[in-house]
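Chain by chain, the residues:
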Amino acid sequence: MKQENKPVHGMWANRWVFILAATGSAVGLGNIWRFPYITGENGGGAFVLLYLLCIAVVGVPIMAAEVMIGRKGGMSPINSMRKLALDSKVSQRWSGIGHMGVLSAFLILSFYSVVASWALYYVWESVIGGFQGITAAESGARFDALLADPWLMMGCHTLFMVLTMVVVGRGVKGGLEKAVEILMPLLFVLLVVLVGYAATTPGFKQGVSFLFAFDFSKLNGQAVITAVGQAFFTLSLGMGAIMAYGAYMPRETVGKKGGKPQPVSIMSTVIIIALLDTLVALGSGVAMFPLIFSNGLEVGQGPGMMFVTLPLAFGQMPGGVLFGTLFFVLVVSAAWSSSISLGEPVVAWLVERGLGRGKAAALVGLGAWLLGIGSVLSFNLWKDHTFLVGTFFDNVEFLSTTVMLPLGGVLIAIFAGWVMKETHARKELAMKSFPLYLVWRALVRIFSPAAVIALFTYTIWKMVFPDEAVAAPEPVAQEQVEAADSAAAQEESEAAEVIEAVEQEQGEADVPAAPAESDVPVVPEGQ
Ligand code: PHE
């Protein structure tokens, strides 16, 4: 093997560890917190379908491209791309994609830590039995109280950032491998428990049909790019996280019992990761929406959705304290393994520039922590200071997730498809089937960039010229608004029907039908 193939930061023990680490990066707040709430805000089914399509035809090929570039380069994303550009005799400026990734990493890490720290706080809330018998109104009030307390949020944000940077500082290989090996499977189990609970609630059917009934009239311009951005965000694409992890991926497995080493296939590995990630996102949706409909909550309630909805389940189910605590511990762990992967590309790059790992991690952590203060304040002191798309938090989230990740992803696709020498890419991917390789190549060269650029152009057009974009006179737009309104009204009345049904069926039993009537605390069995 050529010397260039030796990764400078070490190597995962085997392919399985890479899968775990990359799944650890992919599965995180994007699946459990963000996917359900943006699905709620964007009308459900049609949005979900678009998101799934983006995962399959844009996400998977670009993820394979990132792993391929990383493994071929063996260094931090910036230097891997610089090296491959050199090898392919093109300008080293292409490593600028990596620099953009560094900026995305800071932006995402800053707000990611703030949201993860809510989950951290909820571990405590759950341990002290704070969710027991809680009503929808109380749950909302509890979350609002957290948001209203900048000091509490700052404390939790600081703690989470320190946790992240300690691992990155020590090198992601050691501790992370062990942690994800146990935590990831546990997270799956707990999600299954939650979905099981959701299936017993009266709003289950409505929740599931909200997620899977494809009503395209609900899809607007902004929903389209949000779905694209979410596909990149949830798979950790477009900023180098997966590329950095790809650099530590072995090329060959050592066969069991000393058998022949097998080549490690990038494509099948990537497909496994994307499937696991999608399962967790859909599972979180199926766990949450039934509760929303059963409790008369709003589907479009925004970033607080998970934190308002799930305590209701834990407050009512038997063993809720245990399950609740375990669940939030797992959410924190999932967020932790993701935020570690956000820090890694930047830290690896600083290490290559001669900085010690510990120092590099401290520096990156400090920068993201400082930026995160803006997100902390967005929920209290700066709540009313809105610009562009909303608060400081909204803007950082929008810019990084919806704009920079897709842009970075498309540039990476172009790099893999057009800039890199074809033979280099083909060899590194080492796909068994040549036709499938050609499909991949067509997807990264043409389809992915074209699709993302087209969807962006469409959305920006619709945002800038809302009326012209529908190419119809005012009254039609008005009709659409009314149609949307009446659809929403119908949904509400359906929700109300469900609530009535609950009231009739169960009286004041386990499910609080309406906040005002559900003050009777329910003590679950086993407490
Ligand atoms: N994929 C992570 C999640 O879904 C977030 C993330 C984005 C991590 C980009 C790394 C890079 O929570």
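The structure displayed is predicted, hence computed values, not measured ones. Numbers given to residues run from 1 along each chain, matching the order in which its sequence is written. With the structure being a predicted model, the display of local features is reserved for residues of pLDDT at least 70 and the display and counting of side-chain atom pairs for 80 or more, all residues being used for whole-chain, interface and lining totals. Side-chain numbers here rest on the full set of heavy atoms in the structure, without hydrogens or water.

## Concerning the overall build of the chain
Here a strand is any run of E in DSSP of at least two residues, a helix any run of H or I of at least four, and the numbering for each starts at the N terminus. From N to C terminus, the chain includes 20 helices and two strands. Relative accessible area decides the class of each residue, using a 1.4 Å probe on protein chains only: under 20% of the type maximum gives buried, over 50% gives exposed, and in between gives partly exposed. Counting only residues that meet the buried cut, the chain has 57% of its 527 residues in that class. The contacts in the chain between residues at least 6 apart in sequence include a share of 82% that link residues at least 24 apart. In this analysis, two residues are considered to be in contact whenever any of their non-hydrogen atoms come within 4.5 Å of each other.

## Description of a nonpolar patch on the surface
Patch membership requires over 30% relative accessible area and the absence of a salt bridge. Like charges are linked within 9 Å, and nonpolar side chains (Val, Leu, Ile, Met, Phe, Trp, Tyr) within 5 Å. All accessible areas in this document rest on Shrake-Rupley with a 1.4 Å probe, and a residue is counted as covered only by the protein chains that are shown. Think of a salt bridge as a Lys or Arg side-chain nitrogen and an Asp or Glu carboxyl oxygen that are within 4 Å of each other. On the surface, Ile-460, Trp-461, Met-463, Val-464 and Phe-465 cluster together to form a nonpolar patch covering roughly 480 Å² of accessible area. In this fold, Phe-465 is placed in the loop between helix H18 (434–464) and helix H19 (466–469).

## Quick notes on the site of the ligand
The criterion for a residue being near a molecule or strand is simple. One of its heavy atoms has to lie within 4 Å of it. Surrounding the ligand, one finds 15 residues, the nearest of these being Ala-26, Gly-30, Tyr-112, Phe-233 and Ser-236. One of the backbone nitrogen or oxygen atoms of Ser-25 is found 3.2 Å away from a nitrogen atom of the ligand. Polar contact is defined as a pair of N or O atoms within 3.5 Å, subject to the rule that within protein one atom must be able to donate a hydrogen and the other to accept it, and that residues adjacent in sequence are counted only when both atoms are side-chain atoms. Interatomic distance of 2.5 Å between a side-chain N/O atom of Tyr-112 and an oxygen atom of the ligand. If the ligand stood free it would expose 320 Å²; the protein chains cover 100% of that surface. Elements supplying a minimum of two residues to the shell around the ligand: helix H1 (15–26), helix H2 (29–41), helix H10 (221–234) and helix H14 (320–352).

## Brief notes about unusual backbone geometry
Residue Ser-236 is not a glycine yet carries a positive backbone phi of 60°. Position of Ser-236 relative to the elements: it lies in the loop between H10 and helix H11 (241–246). One non-glycine residue, Ala-430, lies in the positive phi region at around 45°. Relative to the helices and strands, Ala-430 resides in the loop between helix H17 (422–429) and H18.

## Side note on the packing of helix H4 (residues 77–87) against helix H5 (residues 96–127)
The description of two packed helices rests on the angle between their axes and on the distance between the axes. The axes used here are C-alpha line fits, helices contributing only the stretch in contact, and every angle between their N-to-C directions lies in the interval 0 to 180 degrees. Running from N to C, H4 and H5 point in directions that differ by 170°, and their axes come no closer than 8 Å. For the element pair H4 / H5, the angle class is roughly antiparallel. Contacts between H4 and H5 pair Ile-78, Met-81 and Arg-82 from the former with Ile-97, Gly-98, His-99 and Val-102 from the latter. Just so you know how the angles are binned, under 35 degrees is roughly parallel, over 145 roughly antiparallel, 65 to 115 roughly perpendicular, and the rest oblique.

## Brief notes about the nonpolar core
Counting 163 residues, the largest nonpolar core has Trp-33, Ile-69, Trp-118, Phe-307, Phe-327, Phe-328 and Trp-440 as its most contacted members. At 18 residues, the largest contribution of residues to this core is made by H5. What Phe-307 contacts, discounting residues up to four positions off in sequence, is Trp-33, Val-115, Trp-118, Ala-119, Tyr-122, Ser-139, Phe-143 and Phe-328. Residues belong to a common nonpolar core when they are buried Ala, Val, Leu, Ile, Met, Phe, Trp, Tyr or Cys residues joined through side-chain atoms within 4.5 Å.

## Considerations on the packing of aromatic side chains
Here the aromatic set is Phe, Tyr and Trp, taking the six-membered ring for Trp, and pairing holds for ring centres within 6.5 Å; pairs whose planes are under 30 degrees apart are stacked, those over 60 apart are edge-to-face, and all others are tilted. For the structure shown, the criterion picks out 28 aromatic pairs. Relative to Phe-143, the ring of Trp-118 lies with its centre 5.2 Å away and its plane at 85°, an arrangement referred to as edge-to-face. Pair noted here: Trp-118 is in helix H5 and Phe-143 is in helix H6 (residues 136–147), with a separation of 25 residues, a long-range link. Phe-143 shares its class with Trp-118; the two are buried. Working rule: Lys NZ or Arg CZ, within 6 Å of ring centre, within 35 degrees of ring normal, means a charge sits over the ring. The side chain of Arg-34 reaches across the aromatic face of Phe-233, ending 5.4 Å from its centre. Here the basic side chain of Arg-445 rests over the ring of Trp-418, its NZ or CZ set 3.8 Å away from the ring centre.

## A few points about the side chain of Ser-117
Relative to the assigned elements, Ser-117 resides in helix H5. If sequence neighbours within four positions are ignored, Ser-117 has contacts with Met-153, Cys-156, His-157 and Phe-160.

## Comments concerning the pattern of salt bridges
A pair can form between side chains of opposite charge whenever their charged atoms are brought close. Scanning all chains against the criterion turns up six salt bridges. A salt bridge links Glu-428 to Arg-251; the nearest nitrogen and oxygen atoms lie 3.1 Å apart. Taken together, the positions of Glu-428 in helix H17 and Arg-251 in the loop between H11 and strand S1 (252–253) put the pair 177 residues apart, joining distant regions of the chain. By the burial criterion, Glu-428 is buried, and Arg-251 matches it. Measuring nitrogen to oxygen at the nearest pair gives 3.0 Å for the salt bridge that ties Glu-422 to Arg-426. Taken together, the residues span about one helical turn, with Glu-422 and Arg-426 both in helix H17 at a distance of four residues. A cluster of three or more residues bridged by salt bridges with shared partners is formed by Arg-71, Arg-251 and Glu-428.

## Some details on H4
Residues spaced three or four apart along an α-helix point in a common direction, a consequence of the helix completing one turn every 3.6 residues. Burial runs high along H4: eight of the 11 residues are buried. Those residues of H4 that are buried lie in contact with helix H3 (45–73), H5, H11, H14 and helix H16 (392–419). Positioned one or two residues after H4, Lys-89 has a phi angle of 60°, which is positive.

## Describing the side chain of Ser-341
Mapped onto the secondary structure, Ser-341 falls in helix H14. Ignoring any residue separated from it by four or fewer positions in sequence, one finds Ser-341 in contact with Ser-25, Ala-241 and Tyr-245.

## Here's the deal with the confidence of the model for the chain
Every residue gets a pLDDT, meaning the predictor's confidence in that residue, from 0 to 100. When pLDDT is averaged along the chain, the result is 86; 86% of the residues meet or exceed 70. Across residues 469–489, where pLDDT falls below 50, the model places six contacts with residues more than four positions away in sequence or in other chains.

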